[in-house]
Amino acid sequence: MPQALAVIAHEPGASGPDLLDRALAQGDLREAIGQRISTALERSGACSAVVVPALDAFAAGSPTATDPALVEHLLELLFELGVTEASVGSTRGTASLWLENRDVFMVADLLGYRYETPSGRPYDVIDLSEDLSPNVFGEDGPLARTDLSRAWLEADLRLVFSANRTDDDDGYALCLSTLLSVLPQADKDYHYRHRRDAGEVISALLGAAPVHFAFIDAMVSSHGEGAARAPSPLLTDTIIAASDPALADYLGAMKMGLDPFVSRPAAPSLRRARPTPQTRILGALEPYPGWVNVSPALLASTAARRASLAGDRSIRPVLQQVDRDIFPFKDPANDWLNKTLSGLAGAGGDGALLTLANIWLGEMGKAAETYGVMIDKDALRRREAPINIDPAKLRPADYNGLAAELLGQAALLRGVPADADGVRWRFDDGAILFDGARRIAQPFEDFTAAVEIHRTIQYMNDYIGGQALATRRDKQGRVTRQVERNLYLPQPNYTAIGGGVAIDVTKIETIEYTPRRQRMFWKTVKSDNDSAIADDGVVTFEALGEDTLVTIWGRQHFRLPPIWAAIDQGLDPAMKRALVSQAYGQFFNRTFANLEAVSEGRDVRIGKPWSDAPEGEPLPVERLSGFVRKLQSEGRLDIPAALKGAVRANAEVKPLRIDADGFRHFDAAAFSAPTTTKSPLRSAMRDLRHAARVDAGTAE
Amino acid sequence: MKDFRCLVGLKHPPQRVAAGVRDMMEQVAPALDQVEKIAAVTRVDRPDGGCALINEWRVSPTLPATLNGLVTPDMLGWLDHAEWSSDLALCTWRIEPYFMAQAINCHGTTRFEPAMGGRGTRAVFEGKLDIDPAAMSTIPMAWRSPASLAVEMLIGTIIPQNFRKTVNAVAELLETQPTSTP
C-alpha cells in the first residue's frame, strides 16, 4: 500500500465488530493486510501477528481499555486472512508497582480476554518484556542499549489497537501512547516519561519496529476531566483504522476537537506523519458530540507536577479509581490514601482541586531543583539527553572548518590581561570570549591516558548529562570526530531562582593528536531549549616538561531568563564585569580541579543516576513504609504502645476522691509519667536528623 | 463480623495450583515471612475423592516490645481445618487459633477457577472473621482500641496478603516441578 490511508467508520447503534469490518472494507485496508500476510506466507510459509491493545484499565469494561471483543474480532479476521500465529502482547505497566494482579496475563484475563476467538481459535497473550532481543536501538538515541521483545520485532504484522481516551498528562492517549506498553521496563512513567522524553522514545521505537496497522476503539470512549484516573464513558460509535499509528492519532485527536500536537509523546511521530496530498482519509472529521476534554489548566498543572519525580510518583496511586476486588493495593498506605482522596479528583469534579495540588507539587519540585543547583548538586537527577541531530547529515566540511574558525576567534583575546583567577575574557557581540590555563603535575602520557580528551566536556563544571557519539576514529581507535549533546546546570547557578533552565547544547567536534599535544575543537549547532546562542571552544593538553598544561578557550552566549535579562540590562558595567569574572573564575577552578581528579581516577560527576531496574526506584510510600517497619523491627516505633498511650491520654481518669466542695482530686503520678507516644516519635526524628547529617557528611 | 476477600491470578491450571496448596504447604513454609513451619496434623481421604485436612501453622512475627509477656510463643499459631472437594475446585476452611480460640471465629472458602483460557487460575479466597465482643471485655480498657485496630488491619490487609504470598510461593514451587496431573 504505497500511500497513507485512514478510515473513520461511524454509525450510531452499529456493533463494534460491524464497524471494524466496515472500516477495513472501505479503504482497501483489508487487502493491504492480506497482502502483507501473503508476502510472509510466500517467504516462510508462516505469518505471525502481534496486536497491542490498551490494557491500562482498572476495572472490567472500563472505556480506557480496548474492548477485548473487538481485539478478538480482529484476531479472527487475521486468522481468516492467513495468519498462522496471532498474539495479544503487552507488558506490565507502572500500576504493577502499586497494585496486585497487574501482570499481563492476569490483566488480560480480568479485563475479559478469553484466549480464543469467537470461532474458538486459540491465541496467546504474551508478555513483551520476556524473550528480549538485545541492544536493538544501538549505542545512541533515547533508547540506547535497550532490549526489545523478539516476538514484536520479528512479527510479520505489528498492530496497535488503542482505546479512545482523554489524558491529563498529554490531552489524549491513543495508539502512540499505547505503544509504550511494548517496551520492557515495568515502570513506564519512570523510564519512558521522567527519565527519557516519551516522544523521542516512541519515535525511536517506531524507527526500530514500525507498526503496520493501527486501530482506535472509539465505540465507547473515555472523555472528560477525569481522563484515565476517573473514566467517564461516552458512546461515540466510531472505529478508526489507519496504515500508520501517527495518522490514526492525528485523526483521533481531531475528532476530540484537539490540536493533535498537544500530546508530548505523540508530537515527534505526528510531525513525521503529517497528512500530505497523497494521504487518503475516508470518513467524517467533525468532533464527537458531547465530548469534553481535559481543561488546559489541568493539563498545564499536570505537566508542572512532573517536575517533581517523587511527588508525581506518589500522587498517581492516590488518584486512580480502582476496582479493588480485582486489583487490590499492595501497600495499605496507598489503599487508605486512595480511598480517602481519589474521589476528590474524580470525574464529577471540576479538577480545580487537583490543579491546585499539581501546582503545589510542581512548585515543591522546582524548589527542590533550585536548592540542588545552588546547594546540593549531588541531590539532582542526572539528565538523559540523546543526540538530537542526524550525524549522517553532517558533511566533512562541517568538521574540517572547525579548527581554523575557532582558532581565529581565540586570537581575539591577545593582549587581554588575566584577572585574579588567571582568566582572560572579553565581551563579543553579547557573547563572552574567555580562556584560562593550568599546569597539572602529571606527565603528558599519564594525564592523557587517564583523561581522554574527547570526553573533556563531560568533566567540566556543572555537567549534568548528555550523550556523545564518535563519528570517526583514527587507526589507533582514538576518536577524531564526534557529535555530542551536553546539559549543564543553569549558568550562572543563581539564575535557577528566576527560572533559569539547563544549558542544552548539541555540538560537532574534531580532535587532533600529536606526540606532545592533543586538542579538541567544538562548535554548538543546536540548542534544543534555546538556552544557548553559542557554546564553542577549544581544549588543549600539551606536554610541558614533566607536567601537562591544560588550556581551555571558549565563546559562550547563554540566554538569561526574562527576570535576569532585565536585571542584566540595568547592571552597572563594573558590577557586570565583577560577576562575569567571578563566574568564569569559578568555572575554571572547578573544571581544572575536575580534570586533576579524573587524572587521579576519581569520579567527578554530579547528580545521582537513574535506576536501571525495571521497577525504577522504590515508590516514596514504600520508602516510608520500609522506614516505619525498620523502626518497628528495632522496637523503636511501637505502634500498639503509641496507640495505647493515645488512648490513655484521652481516657477519663477517675478521681481519687471528690471533696465536700465538689473539687476532684487525682493521683499526680498518673499525669507525670511521660506518654509512650512521644518517645518513638522523638526517636524517629533523631534518626532522621542523624541520617541527614550522614548525608551531608557531617556525621558518620 | 468482618468479611475479607482476595483474588490471585496464577499462570498454572487450577488443578495444579489447588493440589499444590493442599499438598505442598510444608515445603512452602520457608518461603513465607514469619512462618516457622506448617505441618499436616491429620489427613482423611474421602471415598468421593475429597479430602479433610488439618494443618498446624506456627508463626514468629516480630512483636512490639509492649506485647512481651502478654503473648507467648505457644499462642502464635493456629490449626487450619480444611475440607477439599474431589475436583479440587473448592476448599472450605476454618481457623482454630491458639489465642482466644473461643472468641475468634474465622472461616471461609477458597475457589480455584480456570483463567487465561484454562492455562491459568483465579484463586479466590473469601472469609469471615467474627470476634466475640464479650472477649474484648476481658482485655484491659486501654488495649481495646489498639486491639480493634489490629483486627481491622489483620482482616483488611494481612490475611489477604498472606494468602497471596502463599499461593504465589506454591506457584513458584510448581515452576520447579514437571507438569503432572494431580
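Enquirer: I'd like a rundown of the overall build of chain B, residues and numbers included.
Expert: Helix and strand counts for chain B come out as four helices and seven strands. Listing each helix as α and each strand as β along chain B from the N terminus yields β-α-α-β-β-β-β-β-β-α-α. Across the 182 residues of chain B, 45% fall into the buried class. For chain B, restricting intrachain contacts to residue pairs at least 6 apart in sequence, the fraction spanning at least 24 positions comes to 55%.

Enquirer: Explain the sheet that holds strand β7 (residues 120-131) of chain B to me, using residue names and the numbers behind them.
Expert: All names here are of chain B. Taken in spatial order, the seven strands of this open sheet run β1-β7-β6-β5-β4-β3-β2, and their pairing is antiparallel. Two strands in the sheet have a free side with no partner beyond their single neighbour: β1 (2-10) and β2 (35-45). Ignoring which end each strand starts from, the neighbouring axes of this sheet average 20° apart. As paired strands, strand β3 (residues 51-59) and strand β4 (residues 77-84) are joined by eight bridges and run antiparallel to one another. Residue pairing for β4: N55 is matched across the bridge by D80. Relative to the sheet, helix α1 (residues 14-23) contacts β1, β2, β3, β4, β6 (104-115) and β7, its axis offset from that of β6 by approximately 150°.

Enquirer: Outline the sheet that holds strand β19 (residues 547-558) of chain A, supporting the account with residue identities and numerical values.
Expert: Strand pairing in a sheet relies on backbone hydrogen bonds, with the paired strands running either antiparallel or parallel. Residue and element names in this part refer to chain A. The sheet built from eight strands is open, its strands ordered β12-β13-β19-β18-β17-β16-β15-β14 with antiparallel pairing. Unpaired on one side and paired on the other, β12 (424-428) and β14 (463-473) mark the two borders of the sheet. Here the strands of the sheet are splayed against their neighbours by 15° on average, with no regard to which way each runs. Strand contacts of helix α16 (residues 402-410): β13 (431-440), β16 (503-514), β17 (517-526), β18 (532-544) and β19, with the helix running at about 95° to β17, the strand carrying the most contacts. Along the sheet, helix α19 (residues 573-599) makes contact with β12, β13 and β19, crossing β13 at roughly 40°.

Enquirer: Mind laying out the pairing of strand β15 (residues 479-488) of chain A, listing which residues take part and the relevant values?
Expert: Residues and elements named next belong to chain A. Among the 10 residues that make up β15, 10 are buried, leaving the element largely enclosed by the rest of the structure. With nine bridges joining them, β14 and β15 adopt antiparallel strand pairing. For G466, the partnering residue across the bridge sits in β15 and is N486. Between the end of β14 and the start of β15, which pair antiparallel, lie five residues, with G477 showing a positive phi angle near 85°. Sheet topology note: the β15/β16 ladder contains eight bridges and is antiparallel. Its bridge partner lying in β16, E484 is registered against K507.

Enquirer: Account for helix α1 (residues 16-26) of chain A, with residues named and values stated.
Expert: All names here are of chain A. When α1 is considered as a whole, its buried residues turn out to be G16, L19, L20, A23 and L24. Within α1, the buried residues cover an arc of 135° as seen down the axis, which keeps them to one side. Among the structural elements, β1 (5-10), α2 (29-44), α3 (68-80), β7 (157-167), β9 (213-223) and β10 (232-242) are those in contact with the buried residues of α1. Backbone nitrogen of D18 and a side-chain oxygen of the N-cap are separated by 3.2 Å at the start of α1; the cap is S15. At the C-terminal side of α1, D28 shows a positive phi close to 65°.

Enquirer: I'd like a description of the packing of α1(A) against α3(A), backed by residues and values.
Expert: All names here are of chain A. Where α1 meets α3, the axes come as close as 9 Å, and the angle between the chain directions of the two elements is 45°. The angle between α1 and α3 falls in the class oblique. Crossing of α1 against α3: the hand is right-handed. From α1, G16, P17, L20, D21 and L24 reach across to α3, where they touch L70, H73, L74 and L77. For the contact of α1 with α3, the residue count by class is six nonpolar, two polar and one charged.

Enquirer: Summarise the confidence of the model for chain A; cite the residues concerned and give the values.
Expert: Summing up the model confidence of chain A, the mean pLDDT is 89 and the portion of residues at 70 or higher is 88%. Counting contacts from residues 646-652 of chain A, a segment whose pLDDT is below 50, to residues more than four positions away or on other chains yields four contacts.

Enquirer: Can you lay out the side chain of H191(A) for me, pointing to particular residues and giving the numbers?
Expert: All names here are of chain A. Relative to the helices and strands, H191 resides in helix α7 (residues 188-194). Within polar-contact distance, the side chain of H191 engages the side chain of R195 at 3.4 Å. Apart from the residues within four sequence positions on either side, H191 is in contact with Q185, R196, S611, D612, A613, P614 and G616.

Enquirer: If you had to explain the packing of helix α12 (residues 309-319) of chain A against helix α13 (residues 332-341) of chain A to someone new, which residues and values would you point to?
Expert: α13(A) packs onto α12(A) with a crossing angle of 65° between their chain directions and a minimal axis gap of 7 Å. Along its contact with α12(A), which presents P317(A), V318(A) and L319(A), the element α13(A) presents N334(A), L337(A), N338(A) and L341(A).

The rules behind the values
- Positions within a chain are numbered from 1, following the residues in the order the chain's sequence is written.
- A letter from A marks each chain and a number from 1 marks each ligand, given out in the order of writing.
- Only residues with pLDDT of at least 70 are given local features in this predicted model, and only at 80 or more are side-chain atom pairs given and counted; all residues enter the totals for whole chains, interfaces and linings.
- Only heavy atoms go into the side-chain values, all of them from the structure, while hydrogens and water stay out.
- A run of H or I in DSSP counts as a helix once it spans at least four residues, and a run of E counts as a strand once it spans at least two, with each numbered from the N terminus.
- Any residue under 20% of the maximum accessible area for its type is buried, any over 50% is exposed, and the rest in between are partly exposed; the area is computed with a 1.4 Å probe on protein chains only.
- For this analysis, residues touch if any pair of their heavy atoms sits within 4.5 Å.
- Any two strands with at least two DSSP bridges between them are considered paired.
- All axes here are fitted lines through C-alpha atoms, helices being fitted over the stretch that makes contact, and every angle between N-to-C directions spans 0 to 180 degrees.
- Directions are taken from the helix axis to each C-beta atom, and the arc is the one they span.
- The definition of a polar contact used here is a pair of N or O atoms within 3.5 Å, where within protein one atom must be able to donate a hydrogen and the other to accept one, and adjacent residues in sequence count solely through side-chain atom pairs.
- The labels follow the angle: roughly parallel below 35 degrees, roughly antiparallel above 145, roughly perpendicular from 65 to 115, and oblique for the rest.
- Each crossing gets its handedness from the near helix: less than a right angle anticlockwise from the far helix is left-handed, clockwise is right-handed.
- Each residue gets one label: Ala, Val, Leu, Ile, Met, Phe, Trp, Tyr, Cys and Pro are nonpolar, Asp, Glu, Lys and Arg are charged, and the others, such as Gly, are polar.
- A residue's pLDDT is the predictor's confidence in that residue, given on a scale from 0 to 100.

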